[in-house]
Amino acid sequence: MTSGSTQKGGAAVQRYYVLDGFRGIAALIVVLYHYIGPENYPFLTNSYIALDMFFVLSGFVIYHSYANRLRRGMSAGTYINQRFARLAPTVAIGVLFGAVATLAYYNSIGREVDSTRFALVHAGNLLFIPGLVDYNVPATGIFELFPSNGPLWSIFFEFVASVCFIWFVRLRRRSMLIGSLACFLILFIGACYLTLTTGRLLTPGVGFAPQHFLLGFPRVFASFLAGMLIYALTQEAPKYLTRRLPASRSLTAAFGIYGVMLAMLFFPFHMSGFYPFLGVAVLCPLLITVGARIQPQARWFNWVSDYLGQVSFPLYCIHVPVFLLVRTYLADAPWKIQVLLSLGVAFGASVLILALIESMRVRQNVTRLLKPVLG
């Protein structure tokens, strides 16, 4: 996902570098959220809505990349093949890395696992299937859908949304709007019900655990459909928003919108749940709408933003196992040293993973492997 226009095969391809930068910065903020937590740093209280920003970005980018191709005859199997091949190699690394980190940590504290269940859960995770079997001995209960690498739950929902895009692409703009608002309303009502029945804090942060697994669907669909609608309103004729929101090529505008993003994700007050729901319903979509209209021409800025966007996915997939390994083998090190070391190792490993996947053409090989089945 990347702004400006480049040439590929003789045809102009629109690029959205500012949105790439959004993805990279949001991934770094999610890493901070998991490493140092809002308990110690209140400015991270609402940073988890970066995930909802990811969902909006996914709707925007998938619509940009595949809407016309599907309308012109791309088969559903070919589309699913391409989406799976794009996500699966990095997710597989995250799943395997998480399994190794979990076993190392369990060994250090003397906890045991049921080997059959452990293998079953991780085999399913490799295919984006949530783990609903407790592999702990003795059983402790299931607290996360991807217990060895918690953040992968959002990749599952994002993949589901991308598969549903096969049907969503047929929707008119009004239907996208109604669908997004309906899903947000279901999410809000479900979150209120959880608060009333469990005493849980009112929050849109749901979907990662069995207790509120089903609410993950309206959460992702609300933002994904919003991303599709933003693209349709700003990039497809008639472009209803472009006259009111002119494009900018200014670096000042780009850095300004990054500053607005940081202010949104670092807002320290929960406001009894009002602020994060406002972020999901209004602020995240508005940020993407404005960001898509900013198209800097500085090559260095575009390169940095593009690379941050590329490295964000492996970083998201491996940062939790890295932190667990560092805490396991450097348990006596000061906490800040553990965090700094984990940040460096996670970013460096992400760069390496990205380079290996590209150089070994892993995604192309997965596509070729699945072609006889999916097309």
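Overview of the structure.

Parameters and conventions
- Numbering of residues starts from 1 in every chain and runs along the sequence as written.
- Only residues with pLDDT of 70 or above have their local features reported here, since the model is predicted, and side-chain atom pairs are shown and tallied only from 80 upward, although totals for entire chains, interfaces and linings are computed over all residues.
- With hydrogens and water excluded, all non-hydrogen atoms of the structure serve as input to the side-chain values.
- Definitions used throughout: a 1 Å grid over protein atoms alone; a cavity as a set of points that fits a 1.4 Å probe which cannot get out; a pocket as an open set with protein on both sides within 12 Å along at least five of seven lines; a lining residue as one with an atom within 4 Å of a point.
- Grid points are joined across faces, edges and corners, and a volume is the space filled by probe spheres set on the points.
- The helix count covers DSSP runs of H or I at least four residues long, the strand count covers runs of E at least two residues long, and both are numbered beginning at the N terminus.
- Note that Gly is not counted as nonpolar here; it falls among the polar residues with everything else outside the nonpolar set of Ala, Val, Leu, Ile, Met, Phe, Trp, Tyr, Cys and Pro and the charged set of Asp, Glu, Lys and Arg.
- Ring geometry is summarised as follows: Phe, Tyr and Trp rings, the Trp one being its six-membered ring, pair when their centres sit within 6.5 Å, and such pairs are stacked at plane angles under 30 degrees, edge-to-face over 60 and tilted between the two.
- Three labels apply to residues, based on accessible area from a 1.4 Å probe with only protein chains included: buried if under 20% of the type maximum, exposed if over 50%, partly exposed otherwise in between.
- Note on geometry: a ring has a charge over it if NZ (lysine) or CZ (arginine) is within 6 Å of the ring centre and within 35 degrees of the ring normal.
- Fitted lines through C-alpha atoms give the axes, limited to the stretch in contact for helices. The angle between two N-to-C directions lies from 0 to 180 degrees.
- The scheme is simple: roughly parallel for angles under 35 degrees, roughly antiparallel for over 145, roughly perpendicular for 65 to 115, oblique for anything else.
- Whether a crossing is left-handed or right-handed is set by the direction in which the near helix is turned from the far one by less than a right angle, anticlockwise for left-handed and clockwise for right-handed.
- A contact between two residues is defined here by any heavy atoms of the two lying within 4.5 Å.

**Quick look at the layout of surface pockets**
When its volume is computed, the second largest pocket comes out at roughly 1200 Å³. Surrounding the second largest pocket, 43 residues form its lining, His 34, Glu 144, Gly 150, Pro 151 and Val 320 being those nearest its centre. Counting residues per element, the ones that place at least two in the lining of the second largest pocket are helix H1 (17-35), helix H2 (37-40), helix H4 (76-109) and helix H11 (299-329). Ranked by residue count, the leading element in the lining of the second largest pocket is H11, at 5 residues. Of the residues assigned to the lining of the second largest pocket, the class counts are 21 nonpolar, 15 polar and 7 charged.

**Description of the packing of aromatic side chains**
Scanning the entire structure with this criterion turns up 39 aromatic pairs. Centroid distance Tyr 63 to Phe 165: 6.1 Å. Interplanar angle 75°. Geometry classified as edge-to-face. Residue Tyr 63 is found in helix H3 (residues 50-71), and its partner Phe 165 is found in helix H6 (residues 153-168); the two are separated by 102 residues along the sequence. Taking the relative accessible area as the measure of exposure, Tyr 63 reaches 2% and is therefore buried. Considering the side-chain rings of Phe 84 and Phe 159, the 6.1 Å spacing of their centres and the 65° angle between planes classify their relative orientation as edge-to-face. Pair noted here: Phe 84 is in helix H4 and Phe 159 is in helix H6, with a separation of 75 residues, a long-range link. You'll find Phe 84 and Phe 159 in the same group, each marked buried. Here Arg 111 stacks its cationic end above the ring of Tyr 106, 4.8 Å away from the centre of that ring. Across the ring face of Phe 323, the terminal group of Arg 327 is positioned such that the distance to the ring centre comes to 4.8 Å.

**Some remarks on the packing of H3 against H6**
Their axes nearest at 10 Å, the elements H3 and H6 cross at an angle of 30°. Taken together, the axes of H3 and H6 lie roughly parallel to each other. Crossing hand, H3 versus H6: right-handed. Counting all contacts with H3, which are made through Leu 51, Phe 55, Ser 58, Ile 62, Tyr 63, Tyr 66, Ala 67 and Leu 70, the residues of H6 involved are Trp 153, Ser 154, Glu 158, Ser 162 and Phe 165. For the contact of H3 with H6, a count of residues per class yields 9 nonpolar, 3 polar and 1 charged.

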